[in-house]
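Close look at the chain arrangement
The residues making up each chain are set out below.
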Amino acid sequence: SVRCCWGQCLFTDLGVSKAGEAYVISFWAPGLVSVVSEPFEVLGPSRIAVSVNPEGGLTTQLLETQPIVRITDERGTLMTECQEQSCHMDSGAVVTAVIKDGTGGLPLAYLQGNQTAVVV
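Scope of this entry: the structure provided in the associated data block. (Residues numbered from 1 in each chain as written. Predicted model: local features only at pLDDT ≥ 70, side-chain atom pairs only at ≥ 80, totals over all residues. Heavy atoms only, no water.)

Quick notes on the packing of aromatic side chains
Counted by the stated rule, this structure contains two aromatic pairs. Both rings, one in Phe11 and one in Phe27, keep their centres 5.5 Å apart while their planes meet at 55°; by these two values the pair is tilted. Taken as a pair, Phe11 in the loop between β2 (8-9) and β3 (20-23) and Phe27 in strand β4 (residues 26-27) lie far apart in primary sequence, 16 residues in all. (Phe/Tyr/Trp six-rings, centres within 6.5 Å; stacked < 30°, edge-to-face > 60°. Helix = DSSP H or I, 4+ residues; strand = E, 2+ residues; numbered from the N terminus.)

What to know about the side chain of Asp73
Position of Asp73 relative to the elements: it lies in the loop between β8 (68-72) and β9 (94-96). Despite being buried, Asp73 has no salt bridge partner; Arg75 is the closest side chain of opposite charge, sitting 5.3 Å away. Engagement of the side chain of Asp73 in a polar contact is seen with the backbone nitrogen of Thr77, the distance being 3.0 Å. Those residues within four positions of Asp73 in sequence are excluded, and the remaining contacts are Leu43, Gly44, Ser46, Arg47 and Met79. (Buried < 20%, exposed > 50% of the residue type's maximum accessible area, 1.4 Å probe, protein only. Lys, Arg positive; Asp, Glu negative; His and termini not counted. Salt bridge = Lys/Arg side-chain N within 4 Å of Asp/Glu carboxyl O. Polar contact = N/O pair within 3.5 Å; in protein donor to acceptor, adjacent residues only side chain to side chain. Contact = heavy atoms within 4.5 Å.)

Side note on the state of the cysteines
Throughout this description, disulfide means a covalent bond between two cysteine sulfur atoms. If you walk through the whole model with that rule in mind, you get one disulfide. Here Cys4 connects covalently by a disulfide to Cys9, the sulfurs 1.7 Å from one another. On the sign convention where negative is left-handed, the bridge of Cys4 and Cys9, at about 105° about the S-S bond, is right-handed. Using a relative accessible area of 39% as the deciding quantity, one classes Cys9 as partly exposed. We note that Cys5 lacks a disulfide partner, and the nearest cysteine sulfur, in Cys4, lies 8.9 Å from it. Classification of Cys5 by relative accessible area gives partly exposed; the value is 49%. (Disulfide = S-S within 2.5 Å.)

In structure tokens form, the structure reads like this:
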């Protein structure tokens, strides 16, 4: 509950736990007629964006610049609350890195090192 002042009630920490469309919030108080909000959408993680691109190195050595990817919603907003157990991604909150087929010129090349990252 929140306190109301001068006929206005300000909610400051509401949030929805899962992405979805057409959520409606109902507001009620004893002795008053209830009201509902307009439908609204809550976006969830839907994209992976590269924020730091990998840069070269020597064969079998670490890349000079390690890549960093971000989990974002459809608008590109960083999902700062996206954690392994609460990310609400269909396949779990793990990002996997692989060499894209047909790139690099050598079909037998592969990534070395840890190729999965847990979203935290």
